[in-house]
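# Structural features, examined
Letter by letter, the chains look like this.
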Amino acid sequence: MDPFDAGAGGLLKQPKSVWATAGASVVAFMGIGLVDPILPSIAQGLDATASQVSLLFTSYFLITAVAMLVTGFVSSRIGGRRTLLLGLAFVVVFAGLAGTSGSVGELVGFRAGWGLGNALFVSTALAVIVGAAAGGSAAAILLYESALGLGMACGPLLGALLGDASWRYPFFGTAFLMAVGFLCIAVFLKEQPKPARKTSLLDPVKALGHGGLASAAASAFFYNYTFFTVLAFTPFVLNMSPYRSGAVFFAWGVLLAVFSVIVAPRLQKRFGSLKVLGGSLVVLAADVLVLGYGSHTAAVVCTILSGAFIGVNNTVYTELALGVSDAPRPVASAGYNFVRWFAAAAAPFFAPKIEEWTDVHIPFVVAALTAVAGAAVVVVRRKALTLPQALDSARAGRTPAAEELEPKHATEDSVTVFAN
């Protein structure tokens, strides 16, 4: 079945509850890149250094990483709908408070609370979309990944448009949009059945005892350091107005969306997941080096191009994390994300520090080396990371055969992924 078919069960013919959840997901993903174009403005407005302002990402993703151990525990007890609403409520409150901050310390603290809410919401959203969607998981997953790409693309654009007047307005705007999402989900989404088995806090950690899942998480850890060096540190290097910076990262997000949803599955189907992932990581490393050492124009071009490689990597890593072990998908995803989001917290902190200790080029050298390290893990651990061939091919093509080859306990209503 073509997931874009507007007929029954197609991507465009979904219940209101699915569209409400997908719409709120777009705004949730917007929050990740929202502050990108206004980082210099925040630094100026709060009289803070680049390393201090970069803590907005560090606090956000540090809380997100730890929250990965909690989200499954919560949702398996109170249900998906209530978990979504709880997460949205946290985001509304803390995004609004972030706009009132009088110091960078307050802003970092409110951003941490925002991260907890986003973790609760986004880690549950795909499970809810798959459970409520018409026509099976193919259209639902495509809709979710489209929401991710659209959110990552529009976040910097919204940040630029609102942030040109004041760095506070993007935070208030996000709080308003998420409040609308809260109301839509409260009205249109009915509670879904709770999982038969409750998830414990230690289940995700135990799942990492599987060599394949641990290898995927380790490789993704190195990759995420590169990813978030580009996302959190590059705006200071480009040193552009909010509008120009927002345009750059909007183009970056568009490439991320296109390559994640359309290009990556085709590459996987033709070459296999591991070859695609290893090659994409090496090319990303080269791109980051040129970004760090090239002219300003080259830095802009390479920033945009990195979105293509990041989109491919996000999709392939998700496929590996969900299929390489026999753990239930929510548990495997939580363990995998618990590891990799620590790198997302580390990169925004260390990149400016490395610049202070050395020069502006070296943070990108480190980012290139971590991308190569991620590729090295893929090569060295390729046997542990190899998916069953039929499953790898079916997933890459998003075909129904993928569902038939899933472990029996990995049912549709147990899917959980966080921001790919």
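Positions within a chain are numbered from 1, following the residues in the order the chain's sequence is written. In keeping with the model being predicted, local features are shown solely for residues with a pLDDT of at least 70 and side-chain atom pairs are shown and tallied solely at 80 or more, while totals for entire chains, interfaces and linings include all residues. Where side-chain values are given, they derive from all heavy atoms of the structure, hydrogens and water being excluded.

### What about the overall build of the protein chain?
- Looking only at helices and strands, the protein chain has 18 helices and zero strands in total.
- Within the protein chain, the proportion of its 420 residues that are buried is 58%.
- Across the protein chain, the fraction of contacts at a sequence separation of at least 24, relative to all contacts at a separation of at least 6, is 85%.
- To measure how exposed things are, a 1.4 Å probe is used in the Shrake-Rupley method; for residues, cover is taken only from the protein chains shown. About 15,500 Å² of surface is accessible on the protein chain, with carbon and sulfur atoms providing 68% of the total. Where helices and strands are cited, they refer to DSSP runs of H or I of at least four residues and of E of at least two residues respectively, numbered from the N terminus. Burial classes follow relative accessibility: with a 1.4 Å probe on protein chains only, a residue under 20% of its type's maximum area counts as buried, one over 50% as exposed, and anything between as partly exposed. Residue contacts are defined here by distance: any two heavy atoms, one from each residue, within 4.5 Å place the two residues in contact.

### As for the confidence of the model for the protein chain
- The predictor reports its confidence for every residue as pLDDT, a score running from 0 up to 100. This prediction gives the protein chain a mean pLDDT of 82; 86% of its residues lie at or above 70.
- Looking at the elements of the protein chain, mean pLDDT is at its lowest for helix α18 (residues 401-405), recorded as 39, and at its highest for helix α15 (residues 362-380), recorded as 97.

### Observations regarding unusual backbone geometry
- Despite not being glycine, D47 shows a phi value in the positive range, around 50°.
- Mapped onto the elements, D47 comes out in the loop between α2 (39-45) and α3 (50-53).
- Looking at D47, the relative accessible area reads 73%, which means it is exposed.
- Phi at N239 takes a positive value of approximately 50°, unusual for a residue other than glycine.
- With respect to the helices and strands, N239 occurs in the loop between α10 (211-238) and α11 (242-271).
- By relative accessible area, N239 is classed as exposed at 61%.

### Some remarks on a nonpolar patch on the surface
- Excluding any residue in a salt bridge, patches collect residues exceeding 30% relative accessible area, merging like charges within 9 Å and nonpolar Val, Leu, Ile, Met, Phe, Trp and Tyr side chains within 5 Å. Put simply, a salt bridge is a Lys or Arg side-chain nitrogen that is within 4 Å of an Asp or Glu carboxyl oxygen. A contiguous nonpolar patch, built from L157, L161, Y243, F250, V254, V258 and I262 and spanning about 540 Å² of accessible area, is present on the exposed surface.
- For the nonpolar patch, the secondary-structure elements that each account for two or more residues are α7 (137-163) and α11.
- Considering every element that reaches the nonpolar patch, the biggest residue donor is α11, with five residues.
- Tracing the backbone shows V258 in helix α11.

### A short note on helix α6 (residues 104-132)
- Multiplying 1.5 Å by the residue count of a helix minus one yields the expected span of that helix. Look at α6: 41 Å from first C-alpha to last across 29 residues, which is about the 42 Å you get at 1.5 Å a residue.
- The sharpest bend along α6 comes to roughly 35°, located at A125.
- The buried fraction of α6 amounts to 24 of the 29 residues, a majority that puts the element mostly inside the structure. One axis is fitted to the seven residues ending at the residue and one to the seven starting there. The bend at that residue is the angle between these axes.

### Topic: the packing of aromatic side chains
- What counts as a ring pair is set by centres within 6.5 Å for rings of Phe, Tyr and Trp (its six-membered ring), and what kind of pair is set by the plane angle: stacked under 30 degrees, edge-to-face over 60, tilted for all other angles. Within this structure, the stated rule accounts for 17 aromatic pairs.
- Between the aromatic rings of F90 and F94, the centroid separation amounts to 6.1 Å while the plane-to-plane angle is 5°, which identifies the pairing as stacked. Remark: F94 and F90 occur in helix α5 (residues 80-98); sequence separation between them is four residues, near one turn of the helix.
- Classification of F94 by relative accessible area gives partly exposed; the value is 21%.
- Through a chain of ring-to-ring contacts, the aromatic side chains of Y60, F61, W114, W167, F171, Y223, F227, F228, F249, W252, Y317 and W341 assemble into a single cluster.

### Focus on the nonpolar core
- Each nonpolar core is a collection of buried residues, namely Ala, Val, Leu, Ile, Met, Phe, Trp, Tyr and Cys, held together in the definition by side-chain atoms within 4.5 Å. Within the largest apolar cluster, 116 residues are counted, with the highest numbers of intra-cluster contacts made by I42, F61, F121, F171, I185, F228 and W252.
- When near neighbours in sequence (up to four residues on either side) are disregarded, I185 contacts A20, T21, A24, R81, L84, L85, L88 and F121.

### Digging into the packing of α11 against helix α12 (residues 273-293)
- The geometry of α11 relative to α12 is characterised by a closest axis approach of 7 Å and an angle of 120° between their N-to-C directions. Considered as vectors, α11 and α12 are oriented oblique to each other. Taken together, the residues of α12 that come into contact with α11 (itself represented by L267, Q268 and F271) are S273, K275 and V276.
- Among the residues forming the contact of α11 with α12, the class breakdown is three nonpolar, two polar and one charged. Here, axes are lines fitted to C-alpha atoms. For helices the fit covers the stretch in contact, and angles between N-to-C directions go from 0 to 180 degrees. For this classification, under 35 degrees means roughly parallel, over 145 means roughly antiparallel, 65 to 115 means roughly perpendicular, and everything else is oblique. Residues are grouped as follows: Ala, Val, Leu, Ile, Met, Phe, Trp, Tyr, Cys and Pro are nonpolar; Asp, Glu, Lys and Arg are charged; all remaining types, including Gly, are polar.

### Focus: the environment of I185
- Positionally, I185 belongs in helix α8 (residues 169-188).
- Here the alpha-carbon distance between I185 and W19, two residues 166 residues apart in the chain, equals 9.2 Å.

### Overview of the environment of A214
- With respect to the helices and strands, A214 occurs in helix α10.
- Here A214 falls in the partly exposed class, since its relative accessible area comes to 30%.
- Spatially, the C-alpha atom of A214 lies 8.6 Å from that of G335, the residues being 121 residues apart in sequence.

### Here's the deal with helix α1 (residues 16-33)
- With 18 residues, α1 ought to run about 26 Å at 1.5 Å a step, and its terminal C-alpha atoms sit 27 Å apart, in line with that.
- Among the 18 residues that make up α1, 15 are buried, leaving the element largely enclosed by the rest of the structure.

### Digging into the side chain of T370
- With respect to the helices and strands, T370 occurs in helix α15.
- The residues contacting T370, other than those within four sequence positions of it, are F222, Y223, Y225 and T226.

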